[in-house]
Amino acid sequence: MLAVIITIVFAIGVAYFATQNTAQVSIGMTGYNWSVPIYLVVLVSLLVGFVFAWLLHLMNASVAF
């Protein structure tokens with residue numbers, strides 16, 4: 001139950017952050033330019049960080065056995 005409450009609070013925080021940061025930023029990569037909202041840049045960066053941390057955790061857990 002605590003995990004559900006923490007998830008809901010986190011989701012409300014993300015929703016508030018997204019409504020406050022709707023300015024467009026330009027991302028240029030390999031000749032392509034995208035115009036995306038700044039909250040999307042932040043949230044995707046956060047997600048990539050979580051995935052890398054999870055993969056490192058999995059590698060350390062498999063070495064311990």
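Look a little higher up for the structure.
Residues numbered from 1 in each chain as written. Predicted model: local features only at pLDDT ≥ 70, side-chain atom pairs only at ≥ 80, totals over all residues. Heavy atoms only, no water.

A look at the overall build of the protein chain
Broken down by element type, the protein chain carries 2 helices and 2 strands. Ordered by position in the sequence, the α and β elements of the protein chain form the string α-β-β-α. Referenced to the eigenvectors of the C-alpha coordinate spread, the extents of the protein chain come out at roughly 45 × 35 × 10 Å. Within the span of the protein chain, comprising 65 residues, buried residues form 5% of the whole. With an accessible surface of roughly 5600 Å², the protein chain has 77% of that area assigned to carbon and sulfur atoms. (Helix = DSSP H or I, 4+ residues; strand = E, 2+ residues; numbered from the N terminus. Buried < 20%, exposed > 50% of the residue type's maximum accessible area, 1.4 Å probe, protein only. Areas by Shrake-Rupley, 256 points an atom, 1.4 Å probe, with all protein chains shown as cover.)

With respect to the pairing of strand β1 (residues 24-29)
With 0 of 6 residues buried, β1 is to be regarded as a mostly surface element. Judged from the 6 bridges that link them, β1 and strand β2 (residues 32-37) form a sheet pairing that is antiparallel. By the bridge assignment for β2, S26 is matched with S35. Hairpin geometry of β1 and β2 is characterised by an intervening segment of 2 residues between the two adjacent antiparallel strands and by a positive phi of about 50° at T30. (Pairing = 2+ DSSP bridges.)

Examining unusual backbone geometry
Residues other than glycine seldom take positive phi values, yet T30 does so here, at roughly 50°. Locating T30 in the fold gives a position in the loop between β1 and β2.

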